[in-house]
There are 2 protein chains.
Amino acid sequence: MSLDRATMDERVPRDFETLRTTILERRESLPKRIAQIAAHALDNPDDIAFGTAASIAASAGVQPSTLIRFAQQLGFDGFTSLQQVFRERLRERNSSYDERLQALRVKAEGGAGHRAIFDGFVAAASTSLNDISRTLDEAHLEDAISLLAKAETIYVLAKRRSYPVASYIAYALGKLKIRNQLIESAAGLNAEMIGFATPADAVIAISFSPYAPATIEEARSISEQGVPIVAITDSSFSPLAQFAKVWFEVAEADFAGFRSLSATMALAMALTVGVGEKRRDTGRKRKA
Amino acid sequence: MSLDRATMDERVPRDFETLRTTILERRESLPKRIAQIAAHALDNPDDIAFGTAASIAASAGVQPSTLIRFAQQLGFDGFTSLQQVFRERLRERNSSYDERLQALRVKAEGGAGHRAIFDGFVAAASTSLNDISRTLDEAHLEDAISLLAKAETIYVLAKRRSYPVASYIAYALGKLKIRNQLIESAAGLNAEMIGFATPADAVIAISFSPYAPATIEEARSISEQGVPIVAITDSSFSPLAQFAKVWFEVAEADFAGFRSLSATMALAMALTVGVGEKRRDTGRKRKA
DNA sequence: TATCGATTGGAATTATTATTTCATATTCCC
DNA sequence: GGGAATATGAAATAATAATTCCAATCGATA
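Conventions used here
- Residues numbered from 1 in each chain as written.
- Chains lettered and ligands numbered in written order.
- Predicted model: local features only at pLDDT ≥ 70, side-chain atom pairs only at ≥ 80, totals over all residues.
- Heavy atoms only, no water.
- Patch = residues over 30% accessible without salt bridge, like charges linked within 9 Å, V, L, I, M, F, W, Y side chains within 5 Å.
- Areas by Shrake-Rupley, 256 points an atom, 1.4 Å probe, with all protein chains shown as cover.
- Salt bridge = Lys/Arg side-chain N within 4 Å of Asp/Glu carboxyl O.
- Lys, Arg positive; Asp, Glu negative; His and termini not counted.
- Charge placed at Lys NZ, Arg CZ, Asp CG, Glu CD.
- Helix = DSSP H or I, 4+ residues; strand = E, 2+ residues; numbered from the N terminus.
- Near = heavy atom within 4 Å.
- Polar contact = N/O pair within 3.5 Å; in protein donor to acceptor, adjacent residues only side chain to side chain.
- Nonpolar A, V, L, I, M, F, W, Y, C, P; charged D, E, K, R; others polar.
- Buried < 20%, exposed > 50% of the residue type's maximum accessible area, 1.4 Å probe, protein only.
- Pairing = 2+ DSSP bridges.
- Axes fitted to C-alpha atoms, helices over the stretch in contact; angles between N-to-C directions.
- Contact = heavy atoms within 4.5 Å.
- Parallel < 35°, antiparallel > 145°, perpendicular 65-115°, else oblique.
- Left-handed = near helix turned anticlockwise from the far one by under 90°.
- Buried area = accessible area lost by both parts, 1.4 Å probe.

Asks: Let's hear about a negative patch on the surface: which residues, and what values?
Replies: On the surface, a cluster of negative charge is contributed by D15(A), E17(A), E88(A) and E92(A). Mapped onto the elements, D15(A) comes out in the loop between α1 (2-8) and α2 (16-26).

Asks: Describe in detail the protein's contact with DNA strand D, supporting the description with residues and values.
Replies: Of all residues adjacent to DNA strand D, which total 19 residues, the nearest are R33(A), Q63(A), R69(A), A53(B) and F79(B). Per the 4 Å cut-off to the protein, sugar and phosphate atoms form 63% of the nearby atoms of DNA strand D. The separation between a phosphate oxygen of DNA strand D and a polar main-chain atom of A53(B) is 2.6 Å. With respect to DNA strand D, the side chain of Q72(B) contributes an N or O atom lying 3.5 Å from a phosphate oxygen. Of all elements in the fold, only α3 (32-43) and α6 (64-73) of chain A together with α5 (53-60), α6 (64-73) and α7 (79-92) of chain B reach the threshold of two or more residues within the surface near DNA strand D. At five residues, the largest contribution of residues to the surface near DNA strand D is made by α6(B). Its residues assigned to classes, the surface near DNA strand D comprises seven nonpolar, eight polar and four charged.

Asks: Describe the pairing of strand β4 (residues 229-233) of chain B, listing the residues and the values that go with them.
Replies: Residue and element names in this part refer to chain B. β4 sits mainly inside the fold: five of its five residues count as buried. Of the two faces of β4, the one lined by I229, A231 and T233 and the one lined by V230 and I232 are each fully buried. Pairing of strand β3 (residues 202-206) with β4 involves four bridges; the strand directions are parallel. Bridged to I204 within β4 is V230. Note: β4 against strand β5 (residues 246-249), four bridges, orientation parallel. Within β5, the position partnered with I232 by the bridge is F248.

Asks: Break down the sheet that holds strand β3 (residues 202-206) of chain A for me, with residues and values.
Replies: Residue and element names in this part refer to chain A. The strand order across the open sheet built from five strands is β2-β1-β3-β4-β5, with neighbouring strands paired in parallel fashion. Each edge of the open sheet is held by one strand with a lone partner, namely β2 (180-183) and β5 (246-249). Across the sheet, the mean angle from the axis of one strand to that of its neighbour is 15°, orientation sign disregarded. Contacts from helix α10 (residues 163-175) reach β1 (154-158), β2 and β3, with the element oriented near 160° to β2.

Asks: An account of the protein's contact with DNA strand C is needed here, citing residue identities and associated values.
Replies: What surrounds DNA strand C is a group of 19 residues, the closest being A53(A), F79(A), R33(B), Q63(B) and R69(B). Sugar and phosphate atoms constitute 62% of the interface atoms of DNA strand C, taking the interface as everything within 4 Å of the protein. Here a phosphate oxygen of DNA strand C sits 2.6 Å away from a polar atom, N or O, in the main chain of A53(A). S65(B) places a side-chain nitrogen or oxygen 3.1 Å from a base oxygen of DNA strand C. Contributing elements (two or more residues each) for the surface near DNA strand C: α5 (53-60), α6 and α7 (79-110) of chain A together with α3 (32-43) and α6 of chain B.

Asks: Run through the pattern of salt bridges, naming residues and quoting values.
Replies: All names here are of chain A. Counting across every chain of the model gives 15 salt bridges over all chains. With its nearest N and O atoms 3.5 Å apart, the salt bridge here joins D46 to R89. With D46 in helix α4 (residues 45-50) and R89 in helix α7, this pair connects stretches of sequence that are 43 residues apart. Residue class for D46 comes out buried when judged on its relative accessible area of 16%.

Asks: Quick one: what's the story with the packing of α10(A) against helix α11 (residues 163-175) of chain B, residue by residue and with numbers?
Replies: A pair of packed helices can be characterised by two numbers: the angle between their axes and the separation between those axes. Taken N-terminus to C-terminus, the directions of α10(A) and α11(B) make an angle of 165°; their axes are 8 Å apart at the nearest point. Regarding the angle of α10(A) to α11(B), the classification is roughly antiparallel. α10(A) and α11(B) meet at a crossing whose hand is right-handed. Across the interface between the two elements, Y163(A), P164(A), S167(A) and Y168(A) from α10(A) touch Y163(B), P164(B), S167(B) and Y168(B) from α11(B). Across the contact of α10(A) with α11(B), the residue classes tally to six nonpolar, two polar and no charged.

Asks: Could you give an account of the interface of chain A and chain B, with specific residues and numbers?
Replies: Of the residues lining the interface, 56 residues belong to chain A; the matching set on chain B comes to 56 residues. The largest share of the area that chain A buries against chain B comes from F50(A), H114(A) and F258(A), three residues that together contribute 14% of it. Counting across the interface, chain A meets chain B through one salt bridge. Its salt-bridge partner being R91(A), residue D47(B) comes within 2.3 Å of it at the nearest N-O pair. For the pair chain A and chain B, the number of links is ten residue pairs in polar contact (both at pLDDT 80 or more). When contributions to the side of chain A that touches chain B are tallied by element, the ones reaching two or more residues are α4, α7, α8 (113-135), α9 (138-149), α10, β7 (258-259) and α14 (262-287) of chain A. It is α8(A) that contributes the most residues to the side of chain A that touches chain B, 13 residues altogether. Of the residues that constitute the side of chain A that touches chain B, the class distribution is 29 nonpolar, ten polar and 17 charged.

Asks: Describe the sheet that holds strand β1 (residues 154-158) of chain B, listing the residues and the values that go with them.
Replies: Residue and element names in this part refer to chain B. Spatially, β2-β1-β3-β4-β5 is the arrangement adopted by the five strands of the open sheet, whose pairing is parallel. Two strands lie at the open edges of the sheet, namely β2 (180-183) and β5, each paired on one side alone. Averaged over all pairs of adjacent strands, the angle between strand axes in this sheet comes to 15°, irrespective of strand direction. Against the sheet, helix α10 (residues 138-149) engages β1, β3, β4 and β5, with an angle of about 135° to β5. Together, β1, β2, β3 and β4 form the strand contacts of helix α13 (residues 213-224), whose direction differs from that of β1 by roughly 150°.

As structure tokens, this is what we get:
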């Protein structure tokens, strides 16, 4: 039987991905208990990495011997060498994300050359995305999208650092054929523009500390007209938060004095596309 | 001696951070060999998690028994329970970058609710950052920064989807007190603006497929005036690439029909801040 | 420098854990 | 439905690994 293994499976999966693929390929042809372990292994790779043959077998509902047969079918010479693959995976994955970021930061702080600057911005953006992905409040997202989807016109309000986000929102809304108005006019016509907004409209306002006074002022005045505001800002103390019906707290990491926009951008696009989808759905329902 | 442990160390560190702190606190008061292991443990936590007492002891250059004494000094009842802490740490670590991205993509494709859309954009942004971090050509970066640092005025040229990047570059250049001109005029004065540019100036042009015809046209005409162009675009077939002195290929992942801007943003900021630094350095040299 | 306590090394012991074996059950094919 | 091949369960065995023990060494102190 060791001959069989040697002839049939000359190449033993050495890394987790290969192993995973191999298992999935053979899934159909595996005997019941072996398949049971295979499923368990792919679902709980950490348990395989740390458990003992007995404990794993128990939690998969099979005998330890079956676990060993599973390993052998895959070409390993026992459970131990199968386990190595699962352990290797954990080792490598730790070195991947956090350490890579860490490495980028170190390089960035080490400060040799312009590559370091670039790494710093990449690290800041990654960190920001990571944070927002963890902290975003799903209910807020739903609320904001509902609110914006009902609006006749969506006004987009942001200056200075946040302006690029506003301009991308406006671009995307335009592509989705959603009526919108970017409040940016250098010609000082903002007050007039804002005057046209009604409670049937809505505003997306974006501002981070130090808050551009014009943004705050315009947000105040537009909210006094009864126009609902969705705000993206950086803390609950932000003046924008008090005017807003729904607001998001986005913590952007900074580098070299410039904050990342990546998290804000992701959120902005989610809002925009979310509104687009919601309108399509509502449209369909009305027709039906 | 078990009494000592019970009375002296009632609280055994249960998580890695506490353990780490505890070790660092006691570092001074530890006997030589124990300290040796302590250092090794903090430096190679993965080895502690996966190794056997014997293998760890060997690679730390001590006897297995010392390793156990180390664990006991910390209040554990043996190596095994100390090891648990190191294993727990690996389990709790956020899953790897790729896996997390994968999870985001799956959620995004599963498509339930608006959170999925958000996840999709975060995944796209992360992917893009990841790619550019791997593929950015350092020499190009240096060339581009040198070129831009020498310019009297930096013109920034981008439309539509790329416009937000241009506006952020303009904002950042402004903050760094670097003379710049954003070519965006809706009033159709671009041709005139471009006419002012001379070979002593430089251009940052950004355009992705489908290339905005206006951007291409303006890039052509400005390059014919002998103004050097730094381009950010998406392939070597891009019409921008042929006009440019230096060009960067940036592959942005897209989601729901909108491409991420995160990689382009990071590169743009690196260029901007890089130019700022280079000018400061040159300024200092001139004075000295 | 002699002595006591703490520390260390190394082998012996104990424990845990992987693997093998074999009897039994199941499945598949004729 | 009978029989061979395959799969499974459970316990025995082999292996590996953790822990303990004791003698040797080191270091401070009187």
